[in-house]
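Each chain, written out:
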Amino acid sequence: MLILGIDPGTAITGFGVVDYRGNSFSMVECGCIRTQAGLPLAERLQKLYRGLLDTIKQYNPAHVAVEELFFNNNVRTALAVGHARGVILLAAAEAGVPVFEYTPLQVKQAVAGFGRAAKAQVQYMVKTILCLPSVPGPDDVADALAVAICHAHLYEWERKFK
């Protein structure tokens, strides 16, 4: 099963395509979609939308897994990430790919075994689970891969126990 994991953002949206077969993971591709800070929000969202549609068309994932919004004290950041998430959900729906959403706590729990794991622990586990020579960068890319791994674990678990 090919899973497209996404860590949303307006400046950088990380993505990772993971192949999950019989309890085995391999990374197919990872990267990020970057937008320029000076562009109007509508243009940044359009670039994100087009980049995601291209990625979905290229890899044809079975599922898209997206990290849910973690609301911190910065309302402006939360709103910007909310806009990016909306575009991500739209792109997946437009491509006809089912979307699954996970909280940061769920991602950390599924990947590192502890819902309050440090970012470095999660990154180390992403590197280890995917048998990579180093942690993928920037952080948004490693986070997107973690979301894809989380989805594989939770989706399989749900299928077995339903």
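Everything below is about the structure printed above this text.
Residues numbered from 1 in each chain as written. Predicted model: local features only at pLDDT ≥ 70, side-chain atom pairs only at ≥ 80, totals over all residues. Heavy atoms only, no water.

I tried to follow the overall build of the chain on my own but got confused; where do I start?
When its secondary structure is counted, the chain shows 5 helices and 5 strands. Put simply, the chain runs from its N terminus to its C terminus through helices and strands in the order β-β-β-α-β-α-β-α-α-α. For 162 residues, the compact-globule estimate of 2.2 N^0.38 gives 15 Å, and the C-alpha radius of gyration of the chain, at 15 Å, lies within 12% of that figure. Principal axes of the C-alpha set define a box for the chain whose edges measure 45 × 35 × 35 Å. Burial status across the chain gives 44% buried among its 162 residues. (Helix = DSSP H or I, 4+ residues; strand = E, 2+ residues; numbered from the N terminus. Rg over C-alpha atoms; globule rule 2.2 N^0.38 Å. Buried < 20%, exposed > 50% of the residue type's maximum accessible area, 1.4 Å probe, protein only.)

Where do I start with the pairing of strand E3 (residues 24-34) in this structure?
Put simply, side chains in a regular strand alternate between the two faces of the sheet. In terms of strand pairing, strand E2 (residues 12-21) meets E3 through 10 bridges, oriented antiparallel. When the bridges of E3 are listed, Asp-19 appears paired with Ser-26. Linking E2 back to E3 in an antiparallel pair, the connection comprises 2 residues, with Gly-22 at a positive phi of about 50 degrees. (Pairing = 2+ DSSP bridges.)

Teacher, can you tell me more about the sheet that holds E3 here?
The strands making up a sheet associate through backbone hydrogen bonding, with each pair oriented either parallel or antiparallel. Taken together, the 5 strands give an open sheet; going across it, the order is E3-E2-E1-E4-E5, and neighbouring strands pair in mixed fashion. Since the sheet does not close on itself, it has two edges, and those belong to E3 and strand E5 (99-102), each with one partner. Across the sheet, the axes of successive neighbouring strands diverge by a mean angle of 20 degrees, strand direction being ignored. Pairing between strand E1 (residues 2-7) and E2: 6 bridges, direction antiparallel. Its bridge partner being in E2, Ile-6 is matched across the sheet by Phe-15. Set on the sheet, helix H1 (residues 41-59) makes contact with E1, E2 and E3; between it and E3 the angle comes to about 155 degrees. (Axes fitted to C-alpha atoms, helices over the stretch in contact; angles between N-to-C directions. Contact = heavy atoms within 4.5 Å.)

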